[in-house]
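# Chains, contacts and geometry: an overview
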Amino acid sequence: MKTDGFVRVLWWKLVLIINLIDGKSMHEKDKHDVFSVEGVEGRSVELHCPITVPLSQVYMVLWFKDNAGIPLYSVDVRDKISRQPAHWSAPEVFGSRAKFNIDKSPASLLIKNLKRHDQGVYRCRIDFRTIQTQTYRYNLSVIVLPEQPVVLDRWGRHLNGTKLGPKEEGDDVVITCRVSGGRPQPEVRWLINGVIVDDQYEQNSGDVIENRLLWPTIQRSDLNAIFTCQTMNTKLVEPKETSYVLDMHLKPLTIKVINPPATLVADKRYEIVCQSTGSRPNAIITWYKGKRQMRRTRDETVDHNTTTSTLSFAPTTEDDGKTLTCRAENPNVNGLFLETDWKMNVVYPPMVTIQLGPTLVVDDIKEGDDVYFECHVRANPDWKRLQWFHNDVLLQYNGSARIIQSGQSLVLQKVTKQSAGYYACSAINAEGETVSDQQHLRVKHVPVCATERHGGNAPGGNGTDPSGSNRNAILIGASRNENVEIPCHIFADPPARSFHWRFNNSAEILPVDAHRYTSQGNISILNYAPVTDQDFGTLTCWAVNEVGPQSQPCTFQLVLADLPSPVSNCSLPNRTQQFAEIQCTPGYDGGLPQVFVLELVSKRTGTRRFNFSNKNEPFFVLDRLEKLSALMTLENNSLSCVVYAINQKGRSTPVLIQDFEIGRIQPYRAVTERRADAIEWLPIAVGILLTVIILALSISTKTYLNRCLAAGCCCRRCCAASAKRNDAAASDKSEQQHQQQQQQTKNVLLPDEYECGAHCLKLKNVQMLRRHSSRKKNCSKDSNDDEPEPDVIPAQFNMVSCTPLIATPQHTDAATRDKDAHQYGGFTSPPATYQMGTIVDHHPAVPQQDTALEYRTHGSIVGILPTARTAAAGAAAELDINVIKDRLLTTRVPESCV
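An unreviewed UniProt entry lists the protein chain under the name Ig-like domain-containing protein, with Anopheles coluzzii given as the organism. The UniProt entry for the protein chain carries this comment under Subcellular location (unreviewed entry): "Membrane".

## Brief notes about the sheet that holds strand 12 (residues 173-180)
Spatially, four strands are ordered 10-12-16-15 in an open sheet, and the strand pairing comes out antiparallel. Looking at which strands have only one partner, the edges of the open sheet turn out to be strand 10 (150-152) and strand 15 (202-205). Between one strand axis and the next, the sheet turns through 35 degrees on average, direction left out of account. Where strand 15 meets strand 16 (residues 208-215), three bridges bridge the pair, whose relative direction is antiparallel. By the bridge assignment for strand 16, Ser205 is matched with Val208.

## Brief notes about the packing of aromatic side chains
The final tally for this structure, using the stated rule, is eight aromatic pairs. Ring-pair connections join several aromatic residues into one group, and the members of that group are Phe35, Trp63, Phe100 and Tyr138. Between the NZ or CZ atom of Arg154 and the centre of the ring of Trp155, over which it lies, the distance is 5.6 Å.

## What to know about unusual backbone geometry
Of the consecutive residues Asn380 and Pro381, the connecting peptide bond is found in the cis state with omega at 0 degrees. Position of Pro381 among the secondary structure elements: in the loop between strand 29 (371-380) and strand 30 (385-390). In this structure, the amide linkage connecting Asp493 to the following residue, Pro494, adopts the cis form with an omega of 0 degrees. With respect to the element layout, Pro494 can be found in the loop between strand 39 (484-493) and strand 40 (498-504). With phi around 55 degrees, Asn193 is a residue other than glycine that occupies positive phi space. Here Asn193 shows up in the loop between strand 13 (187-192) and strand 14 (195-198).

## Here we look at the pairing of strand 44 (residues 538-544)
With five of seven residues buried, strand 44 is to be regarded as a mostly interior element. Taken together, the four bridges between strand 44 and strand 45 (residues 554-560) define a ladder with antiparallel strand orientation. By the bridge assignment, Thr540 is partnered in strand 45 with Thr555.

## Considering the sheet that holds strand 6 (residues 98-101)
The three strands are arranged 2-7-6 in an open sheet whose pairing can be described as antiparallel. Only two strands of the sheet have a single neighbouring strand rather than two, namely strand 2 (45-48) and strand 6. Neighbour-to-neighbour, the strand axes of this sheet turn through a mean angle of 20 degrees, independent of strand direction. Here four bridges tie strand 6 to strand 7 (residues 108-111), and the two strands are oriented antiparallel to one another.

What counts as what
- Residues numbered from 1 in each chain as written.
- Predicted model: local features only at pLDDT ≥ 70, side-chain atom pairs only at ≥ 80, totals over all residues.
- Heavy atoms only, no water.
- UniProt positions renumbered as here; feature names shortened; annotations may be inferred.
- Pairing = 2+ DSSP bridges.
- Helix = DSSP H or I, 4+ residues; strand = E, 2+ residues; numbered from the N terminus.
- Axes fitted to C-alpha atoms, helices over the stretch in contact; angles between N-to-C directions.
- Phe/Tyr/Trp six-rings, centres within 6.5 Å; stacked < 30°, edge-to-face > 60°.
- Lys NZ or Arg CZ within 6 Å of the ring centre and 35° of its normal.
- Buried < 20%, exposed > 50% of the residue type's maximum accessible area, 1.4 Å probe, protein only.

If you want it as structure tokens, here you go:
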């Protein structure tokens, strides 16, 4: 810190000397190029300082005020091409209020929260490396806005609120607007409805300005007129205004009933609207039916002095021929009320009620019983047609289904469980159609499997499945010794009282012990763990309620299942610059339906960028490859193609498609650029930092060596031998694993290096070199290799190993599998869905937060949004030289000091 302060003082002294020498000549040269700039106090202002050459040619950017020789803001661009320039702002002038935006075009100095003392002449000087210095001058004027206008009445009292009045027709309006402060002197004027009516103002005393308005004989048309006092002294900001709305008391002019219906339907609620105009404030409207006042009304203002009142009422048959009266009056204005009359003509559509046959017991109807309903209708005029509904579906006469309509009755013969539900009848006459309230019909029935509930949907139909229960068998995959929870769902009214399970493996049929399953309501859950091949077969469950036992059991087919085998013989039968077809041979499906997935994986970060799925075969079509390849090349990245299969138990080993790559990585391009940048800053930074580091390391190393020599060299030899044995064992194990992977398929399976990405390979090479170097040091008794290299900067960053690209899920918990199977219908991963010719699959093996959001249309790659975790993982895996460069430059001494 002391070194930085000393260098900064030396630098500013040098700048002051140059300004004192060249100040007069620069002032004479640039005094005619002064630009006028206005800014508002408390707002922001920009002073442009255009940089017309590349940033690499810029040395320094300095800002001066008036004739001061010391800059108040500086931007140091020296030797900082690969990082952000260093900004400095004088705390006694701008401090954090100023910021020079060097990346804008043109570059400019942004001054926030402008102060009055900021007014003055500012000079921007740009020092270049090879060309002549450029200077720009700006005369900044700070405008002080006036205070908010204040409005006074004719007696000099302040007007509160936003209303002026209330006034009556023929009154005069006398008001005064007063404004204080402002530089330069502001203008004060009156506007009515946005039109200037008075701009003559006078200075009262000091910096107070007033404008008095006289508006005589207001009329009804002046209602809600807006009187605005406006003041302004610059066009940079909107004028300050104070507005008032003229309020008036007015008499009602008209009253009428809006669109009264020609006829009214009895017992139906209506809303009748009565409108009155010309009253201010709102007219009070009252309703009368004969001599009795109606209370259920709602008043509202529609527009200006127009008031409406809505009467809500339900006429009866006795209201036919009676009169409704609407009356309007304004209590604030003396005058007579206005009223209008309306004679009602009441008719009504059918009034319908439905009733279950009186001889039937509502809670004692079972399958096979006969049921009938009666529809009672009262209508004026008489009804013309009668209809029946079951669960809001129109019922038609159907003798074969035992649905019979007779007069105002509905007969259902031999009802089934599908006959249960809500029934209603409707009647139609000349006035309309009326539907009765719904009558619920409960039909008790024996239990049925949940998959057979909708076997028949006719009220009188038969829901029995004659083909047996195996047709709806549910396939369940399990491994040996794996505990599986099998839920049996049934529907029954009333609920089931007991459940029974049975096992069938074609050789024998065995009942399942009651302690193996639990039952609650209409569900029973069996805990089953197959041990041998004979334990796989068919499981069935029955339920019994008070009506009787279940006729067809729920069937579950338990099969031996495992992870699917990897695909093989992957090839590219058709490939162009725009699209590619990838065809593989499927492996063993593990005894369960499998879905094939293709992933495009980044070679730089090891993360998944795109994925596709196909539930039928391992065949994929990739299009728009030219655009994707250009995008990857721009990112200096490339994508590899991986194919694997997935089923209920998990997914297979992924297979890498050989000779298929999208994009290209150019490793030497970044290295060349970084080496060119390093030539400039390394001599300066290393010269200062290593001086301090070498001294510290020399002292610590000498102390460490003295302790090590006392312990002897025997420990070193033991450590070296142990490390050598560990490396040999690790090498043999890695070779065996590599040979096993090569025998599975002719395609290349993903090794650890590929899964981890290119950066993990770099990390492993570094670790091997470190182990090799450690062995050399331990084996040399009198070697001085323990002394640290004085020209090597110690690493200050922790290398974190990458997460493998693809991990096969380990199913160790039966509860987890059952939970996933319940959520995704038997799959431990979300089931694939077929969209636009492409199966989109959600994979459990890849965590949800590591996936990327993809957009795809007809199999085309549209775009991808990587998640924050993916980006963070890729950044953490890279050992970027720019990060080291930024750390070193934080303590860099300016070149002028060197």
